[in-house]
Amino acid sequence: MISYTISNGINGTPRIPGDKSISHRSIIIPSISNGICEIKNILKSDDVLHTLKAFKNMGVKIQEKNNILIIYGNGLNSLKKPKSEIYLGNSGTSARLLIGLLSSQNFDTLLTGDASLSKRPMKRISDPLSKMNARINTTNGTLPISIKGNDLSNNKINLKIPSAQIKSGILLASLNTEGETIINENRVTRDHTETMLESFGANLKIVKNDYKKTIKISGKKELNSKNIDVPNDLSSSAFFIVSALINKNSKLLLKDINNNPTRNGIILALKKMGASINILNQRLSNNEKICDIEVKTSNLNGCELGPEMADLMIDEYPILAVAASFASSPSIFRGLTELRVKESDRLNLILINLQSCGVDCKIVDDDLFIFPSKKYEIKKNIIQTDFDHRIAMAFAIMGTKIGPLEIKDSESINTSFPNFKDEINKIGGRLI
Ligand code: S3P
């Protein structure tokens, strides 16, 4: 894909797809609950479709009518052994959540993924689960992973890495485990799993104290399905927000966007940089905060963000780094260690691709420094993405300012945002 410079601004109301994290959970949780669940606005991207296929292969009846997904759940122990391995493509969320869920089933499974997912660390989820007696065999800490379904024993788990995927995997394992499992986290991670489990009637007790949170979950309690309306994805919105901020004569309205406080660091960070962003029409949908977002061309300043912000916006650093490249002063984003183990080594790809675009930047101890300038001289106009959707989309937005940039392997964008190119082009972008 090639991203060309635009001249007349970005304007309009693009359609942002459903939230990826909530979409995965909207398949997983109703599939092990009792009753019929109708899901509106689920994200139909490659990652989510892998989760969907996994549950169909485990015998769950799932239909689609008039764009509504219908899941017929039959309870905690209704899943069936799949006929073959479960292939999860590029999806880390599917992998971590399913490893947890499947470790407490009464059948064995084999999980595999694509080249990128097969490099990602899985001991972060198998180690805490093994404290509950889970029997998980990794391949040197990665996929393929074979899981021997087992009766797990409850335990107290202290999360060492701030990760909603790990927390959610343990919660899903605990649902089918006798007694009370206790999960302690010291840093904020997204809370979509707890929110949905609570509304489905799980036996959860949550105590919060600043950044710390303890979740007590008593297993073997059946869940009752509820209909779900998936809000639109703030992480996907971020590419549009930044495109409007950095291009002149731009104004966008983004509707029905997830504004969960465990996820909205990008809004806080961009506002700190002087962005003109208005949060409108705030409301609740399925206990998730949602809003509309109005954003206009802005003169951005640089800013310094500490590691605590990384917890609230880990997926947004590629596009934040693009925004920071057009600010009037330098930025420092600290504590980005986790960026190294996403769909790619994102920290390194941000660095080398910004450098290709002529941006002066450096990494010191997993802190990213960006020294913007008024004009960039492109050094290499081919962007290396290592099949990472968020790197591809972030540098497509960079291209709207300084293009043409050729975005390699841009089909990875289907992982989270299949209509990205069309939506950008509808509002004035030039992606070909
Ligand atoms: C996700 C959690 C995050 C995020 C990922 C989706 C989720 O990962 O990066 O894109 O849906 O739980 P970690 O929780 O491992 O940081």
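Residues numbered from 1 in each chain as written. Predicted model: local features only at pLDDT ≥ 70, side-chain atom pairs only at ≥ 80, totals over all residues. Heavy atoms only, no water.

## Some thoughts on the environment of Ser 199
Phase 1: Looking at where Ser 199 falls in the secondary structure, it is placed in helix H6 (residues 192-199).
Phase 2: Ser 199 sits 175 residues away from Lys 374 along the chain, and the two C-alpha atoms are 50 Å apart. (Helix = DSSP H or I, 4+ residues; strand = E, 2+ residues; numbered from the N terminus.)

## Some thoughts on the domain arrangement of the chain
Phase 1: By the assigned domains, the chain splits into domain 1 (2-18 + 231-426) and domain 2 (20-229).
Phase 2: Put simply, the middle of domain 1 and the middle of domain 2, counted by C-alpha atoms, are 28 Å apart.
Phase 3: Between the two partners, domain 1 and domain 2, sit four salt bridges.
Phase 4: Between Arg 190 and Asp 315 there is a salt bridge, with its nearest N and O atoms 3.4 Å apart.
Phase 5: Joining domain 1 to domain 2, the criterion identifies 18 residue pairs in polar contact (both at pLDDT 80 or more). (Domains from an automatic or database assignment. Salt bridge = Lys/Arg side-chain N within 4 Å of Asp/Glu carboxyl O. Polar contact = N/O pair within 3.5 Å; in protein donor to acceptor, adjacent residues only side chain to side chain.)

## Focus on the site of the ligand
Phase 1: Neighbouring the ligand are the residues Lys 20, Ser 21, Arg 25, Thr 93, Ser 163, Ala 164, Gln 165, Arg 190, Ile 314, Asp 315 and Lys 342.
Phase 2: Asp 315 is positioned with one of its side-chain polar atoms (N or O) 2.7 Å from an oxygen atom of the ligand.
Phase 3: Burial of the ligand by the protein chains amounts to 95% of its free accessible area of 390 Å².
Phase 4: At the level of elements, helix H1 (20-31) and helix H5 (164-175) are the ones that each hand at least two residues to the shell around the ligand.
Phase 5: Residue contributions to the shell around the ligand peak at three residues, all from H1.
Phase 6: Its residues assigned to classes, the shell around the ligand comprises two nonpolar, four polar and five charged.
Phase 7: Taken domain by domain, the shell around the ligand gets at least three of its residues from each of domain 1 (2-18 + 231-426) and domain 2 (20-229). (Near = heavy atom within 4 Å. Areas by Shrake-Rupley, 256 points an atom, 1.4 Å probe, with all protein chains shown as cover. Nonpolar A, V, L, I, M, F, W, Y, C, P; charged D, E, K, R; others polar.)

## A short note on the sheet that holds strand E16 (residues 276-285)
Phase 1: Pairing is mixed across the open sheet formed by four strands, whose spatial order is E2-E15-E17-E16. Sheet topology places strand E2 (11-12) and E16 at the edges, where each strand pairs with a single neighbour.
Phase 2: As judged from the eight bridges shared by E16 and strand E17 (residues 288-296), these two strands associate in the antiparallel manner. Pairing of Ser 276 across the sheet is with Lys 296, part of E17.
Phase 3: Contacts between helix H7 (residues 234-246) and the sheet are confined to strand E15 (251-258), E16 and E17, with E15 contributing the most and set at about 165 degrees to the helix. (Pairing = 2+ DSSP bridges. Contact = heavy atoms within 4.5 Å. Axes fitted to C-alpha atoms, helices over the stretch in contact; angles between N-to-C directions.)

## A look at the sheet that holds strand E21 (residues 367-371)
Phase 1: Taken in spatial order, the four strands line up as E18-E19-E21-E20 in an open sheet, and their pairing is mixed. At either margin of the open sheet sits one strand with a lone partner, and together these are strand E18 (304-305) and strand E20 (360-364).
Phase 2: Sheet topology note: the strand E19 (residues 331-333)/E21 ladder contains three bridges and is antiparallel. For Ile 332, the partnering residue across the bridge sits in E21 and is Phe 369.
Phase 3: Sitting on the sheet, helix H11 (residues 346-356) is in contact with E20 and E21, with an inclination near 155 degrees to E20.

## Thoughts on the nonpolar core
Phase 1: If you look at the biggest cluster of nonpolar residues, it comprises 75 residues, and the most contacted ones within it are Phe 240, Leu 270, Tyr 317, Leu 320, Phe 333 and Phe 420.
Phase 2: When sequence neighbours within four positions are dropped, the list of residues in contact with Phe 333 reads Cys 303, Leu 305, Tyr 317, Leu 320, Ala 321, Ala 324, Asp 366, Asp 367, Leu 368 and Ile 370.
Phase 3: Judged by nonpolar contacts, the second largest core, of 60 residues, contains Ile 62, Leu 88, Leu 97 and Leu 172. (Core = buried A, V, L, I, M, F, W, Y, C linked by side-chain atoms within 4.5 Å. Buried < 20%, exposed > 50% of the residue type's maximum accessible area, 1.4 Å probe, protein only.)

## Some points on H11
Phase 1: Across the eleven residues that make up H11, a large majority, eight, are buried.
Phase 2: Along H11, the positions that sit buried rather than exposed are Arg 346, Leu 347, Leu 349, Ile 350, Leu 351, Asn 353, Leu 354 and Ser 356.
Phase 3: Buried residues in H11 make contact with helix H10 (317-324), E20, E21, strand E22 (382-383) and helix H12 (389-402).
Phase 4: Note on H11: the residue one or two positions beyond its end, Gly 358, has a positive phi of about 90 degrees.

## Looking at the packing of helix H2 (residues 46-57) against helix H3 (residues 92-103)
Phase 1: The N-to-C vectors of H2 and H3 enclose an angle of 25 degrees; their axes lie 10 Å apart at closest approach. The angle between H2 and H3 falls in the class roughly parallel. Touching Asp 47, Thr 51, Ala 54 and Phe 55 of H2 are Ser 94, Leu 98 and Leu 101, all from H3. (Parallel < 35°, antiparallel > 145°, perpendicular 65-115°, else oblique.)

## Overview of the environment of Lys 205
Phase 1: Mapping Lys 205 onto the fold places it in strand E12 (residues 203-209).
Phase 2: The exposure class assigned to Lys 205 is partly exposed, which follows from its relative accessible area of 48%.
Phase 3: C-alpha separation for the pair Lys 205 and Lys 44, spaced 161 residues apart in sequence, amounts to 32 Å.
Phase 4: In contact with Lys 205, other than residues within four places in its own chain, are Glu 180, Thr 214, Ile 215 and Lys 216.

## Overview of the pattern of salt bridges
Phase 1: Inspection of the entire model under this criterion finds 25 salt bridges.
Phase 2: With a shortest N-O distance of 3.1 Å, Asp 19 and Arg 263 are connected by a salt bridge. Here the residue Asp 19 occupies a position in the loop between E2 and H1, and Arg 263 occupies one in the loop between E15 and helix H8 (265-272), the gap between them amounting to 244 residues. For the pair Asp 19 and Arg 263, a shared accessibility class is recorded, and that class is buried.
Phase 3: A salt bridge links Arg 124 to Glu 338; the nearest nitrogen and oxygen atoms lie 2.9 Å apart. Here Arg 124 is found in helix H4 (residues 123-130), whereas its partner Glu 338 is found in the loop between E19 and H11, with 214 residues between them in sequence.

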